[in-house]
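Spelled out from the first residue to the last, the chains are:
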Amino acid sequence: MPKMSTDPGLVRHALNGPTMGTRWSALFFAPPGLDPAPVQQALQAAVAAVDAQMSTWRPDSDLMRLNRMPVGQWASLAPDLARVLALGLAIGRASGGAFDIGQGDAVRAWGFGPDPADPQAIRAARAAARSPAHERLELDGSRLRKTAPIALDLNGIAKGHGADRLAEVLLAHGISDALVGIDGEMRALGLRPDGAPWAVAVEAPDPERRAPQSVLALQDAAVATSGDYRHRVRLGDRHLSHTMDPASGAPLPAPPASVTVVARSCAEADAWATALMVAGPRVGADLAARAGLDALYLLRGPDGAIRPLPLGRLFAAAA
């Protein structure tokens, strides 16, 4: 039975704040006695910790300190960072290397990090012998060491993990029904007060405007989208997507317009959305089936028209 609210006095709270170059949000309904200030502070502290551990834009982050460490030296990890690295490596293996947290050199070279694109660094990234991160890292619980040179980048999973941390904070404050997100990576807890699922838009892949392509109904699930239209750099007369091809150290030459994935956690949805972008719709359909994922490809035709390719029961209705 859907959980219905019989209390007309519930107060709507829409909290938000800055993180990772964008903003986080949390929407929930609570009795009038709830003070939102401690919740706001706890949410902000949670995403600040994720940024301090996993940012490639902060030279003092835990991740960047790992990148500076020599091959063979063990490093102790904060629990959350160890958990995200373990998940990233597991999805890397399961996707056949389509998701790869070892693309930091290529991401930075092509101008998707804190520095502009660097032709010399691009040539070095493309010429480097590339192997997946799970072949160049050894993770032993809360310890990590490189077995070969590697530059880590968690931008394909950190925001999703941040959304999961927002959800965990709300649950710790006794809030079991909510919708949280960071830059479109969304996690739904429970239901709305009227017993309906949370409505989450799948964005149309248009760089000029923000509009919904379709709408999902989510309950106790997470959704993330990877696309070619929002985070881009211009090189000459071309716009290049931020999604890297792990095999070449360069942006995908002809990526799908977008891939949206629904999973149990937002970190999983985030990473798998990137993996399915890299894999493409034919291989990606098999990966999604084997991983038990609902996914939606949006593909551009020769005339620029968008064609949806739904994978799984959930998107068959939404597309």
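Residues numbered from 1 in each chain as written. Predicted model: local features only at pLDDT ≥ 70, side-chain atom pairs only at ≥ 80, totals over all residues. Heavy atoms only, no water.

Quick word on the overall build of the protein chain
Quick reminder of the rule: Secondary structure counts use DSSP, requiring at least four H or I residues in a row for a helix and at least two E residues in a row for a strand, with both numbered from the N terminus. Radius of gyration: C-alpha atoms only; globule rule: 2.2 Å multiplied by the number of residues to the exponent 0.38. When accessible area is computed with a 1.4 Å probe and restricted to protein chains, residues below 20% of their type maximum are described as buried, those above 50% as exposed, and intermediate ones as partly exposed. Throughout, a residue-residue contact means that at least one pair of heavy atoms, one from each residue, lies within 4.5 Å.
Of regular secondary structure, the protein chain possesses eight helices and 17 strands. Relative to the 2.2 N^0.38 estimate, which gives 20 Å for 319 residues, the radius of gyration of the protein chain is 20 Å and therefore close to what a compact globule would have. Here the C-alpha coordinates of the protein chain stretch approximately 65 × 50 × 35 Å along the principal axes. Counting only residues that meet the buried cut, the protein chain has 50% of its 319 residues in that class. Nonlocal contacts in the protein chain, meaning residues at least 24 apart in sequence, comprise 59% of its contacts between residues at least 6 apart.

Here's the deal with the sheet that holds strand β1 (residues 11–19)
For clarity, the threshold we go by: When DSSP finds two or more bridges between two strands, those strands count as paired. Here an angle of 0 to 180 degrees is reported between the N-to-C directions of two axes, which are lines fitted to C-alpha atoms, with helices fitted over the stretch in contact.
The strand order across the open sheet built from eight strands is β1-β2-β6-β7-β10-β15-β16-β17, with neighbouring strands paired in antiparallel fashion. Because the sheet does not close on itself, it has two edges, and the strands there are β1 and β17 (306–311). When strand polarity is set aside, the average angle formed by the axes of neighbouring strands in this sheet is 10°. Here strand β2 (residues 22–30) runs beside strand β6 (residues 178–182); their pairing, made up of five bridges, is antiparallel. Bridge pairing in β6 links S25 to G181. Against the sheet, helix α6 (residues 158–172) touches β2, β6 and β7 (185–189), its axis set at about 150° to β6.

Focus: the nonpolar core
Test applied: Among buried residues, the Ala, Val, Leu, Ile, Met, Phe, Trp, Tyr and Cys ones that are joined through side-chain atoms within 4.5 Å form a nonpolar core.
Counting 45 residues, the largest nonpolar core has L66, L85, I101, L152, L154, V261 and L276 as its most contacted members. For this core, the secondary-structure elements that each account for two or more residues are α1 (36–54), α2 (62–68), α3 (79–94), β15 (258–263), α7 (266–291) and β16 (294–300). Counting residues per element, this core draws most heavily on α7, at 11 residues. Not counting chain neighbours up to four residues away, the residues in contact with L85 comprise L66, L77, I101, L139, L144, L152 and L154.

Considering the pattern of salt bridges
Definition in use: One side-chain nitrogen of Lys or Arg within 4 Å of one carboxyl oxygen of Asp or Glu is enough to make a salt bridge.
For the structure on display, the rule yields 15 salt bridges. Residue D164 pairs with R187 through a salt bridge whose shortest N-O separation is 2.7 Å. Separated by 23 residues along the polypeptide, D164 in helix α6 and R187 in strand β7 bring together distant segments of the chain. Residue R187 is classed as buried on the basis of its relative accessible area of 17%. A single network of salt bridges, built from pairs that share partners, joins D80, R83, R165 and E168.

Describing the confidence of the model for the protein chain
As a reminder of what qualifies: Per-residue confidence from the predictor is given as pLDDT, running between 0 and 100.
Mean pLDDT over the protein chain works out to 91, with 92% of the residues at or above the 70 mark. This model gives residues 1–6 a pLDDT under 50, and the stretch forms 14 contacts once residues within four places in sequence are excluded.

Details of the environment of A167
Along the chain, A167 falls in helix α6. Residues A167 and A121, 46 residues apart in the sequence, show an inter-C-alpha distance of 38 Å. Beyond its immediate sequence surroundings of up to four residues, A167 is in contact with V180, R187 and L189.

A look at the packing of aromatic side chains
Two aromatic rings, taken as a pair, are described by how far apart their centres are and by the angle between their planes. Definition in use: Working definition: a ring pair exists when centres of Phe, Tyr or Trp rings (six-membered ring for Trp) sit within 6.5 Å. Plane angles under 30 degrees give stacked, over 60 give edge-to-face, the rest tilted. Two thresholds decide whether a charge sits over a ring: the Lys NZ or Arg CZ must be within 6 Å of the ring centre and within 35 degrees of the ring normal.
Summed over the entire model, instances satisfying the criterion amount to zero aromatic pairs. Here R143 stacks its cationic end above the ring of W74, 3.9 Å away from the centre of that ring.

Here's the deal with the sheet that holds strand β4 (residues 137–140)
Remark on secondary structure: sheet strands pair via backbone hydrogen bonds, oriented parallel or antiparallel. Pairing in this open sheet of three strands is antiparallel, and the strands run β3-β5-β4 from one edge to the other. Each edge of the sheet is formed by a strand with only one pairing partner; in this case those strands are β3 (75–76) and β4. The sheet contact formed by β4 and strand β5 (residues 143–146) spans four bridges and is antiparallel. Along β5, the bridge assignment pairs L139 with L144. Those strands touched by α3 are β4 and β5, and its axis lies near 130° from that of β4.

Here's the deal with the environment of A45
Assignment of secondary structure puts A45 in helix α1. Here A45 falls in the partly exposed class, since its relative accessible area comes to 46%. Residues A45 and L309, 264 residues apart in the sequence, show an inter-C-alpha distance of 38 Å.

Brief notes about the side chain of E268
Applicable threshold: Here a polar contact is recorded for every N or O atom pair within 3.5 Å, except that within protein the pair must consist of a potential hydrogen donor and a potential acceptor, and residues adjacent in sequence are included only if both atoms are side-chain atoms.
Turning to its location among the elements, E268 is positioned in helix α7. Among the polar contacts listed, one links the side chain of E268 to the side chain of R264, at a separation of 2.8 Å.

Considerations on α7
As a reminder, the rule being used: To estimate the expected span of a helix, count its residues, drop one, and scale the result by 1.5 Å. By definition, a residue's bend is the angle between the axes fitted to the seven residues ending there and the seven starting there.
With 26 residues, α7 extends just 15 Å between its outermost C-alpha atoms, more than 12% less than the 38 Å of an ideal straight helix rising 1.5 Å per residue. G280 marks where α7 bends most, by close to 130°; the proline P281 follows one to four residues later. Backbone geometry just after α7 places G292 at a positive phi near 70°.

Observations concerning empty space enclosed by the protein
Operational definition: Of the two site types, the cavity is a set of points on a 1 Å grid over the protein atoms alone where a 1.4 Å probe fits but cannot get out, and the pocket is an open set with protein on both sides within 12 Å along at least five of seven lines, each lined by residues with an atom within 4 Å of a point. Grid points are joined across faces, edges and corners, and a volume is the space filled by probe spheres set on the points.
Applying the stated criterion across every chain yields a total of one cavity of 30 Å³ or more. One number sums up the size of the largest cavity: a volume of about 40 Å³. Around the largest cavity, the lining residues are L66, M69, Q73, L144, R145, K146 and L152. With three residues, the single largest contributor to the lining of the largest cavity is β5.

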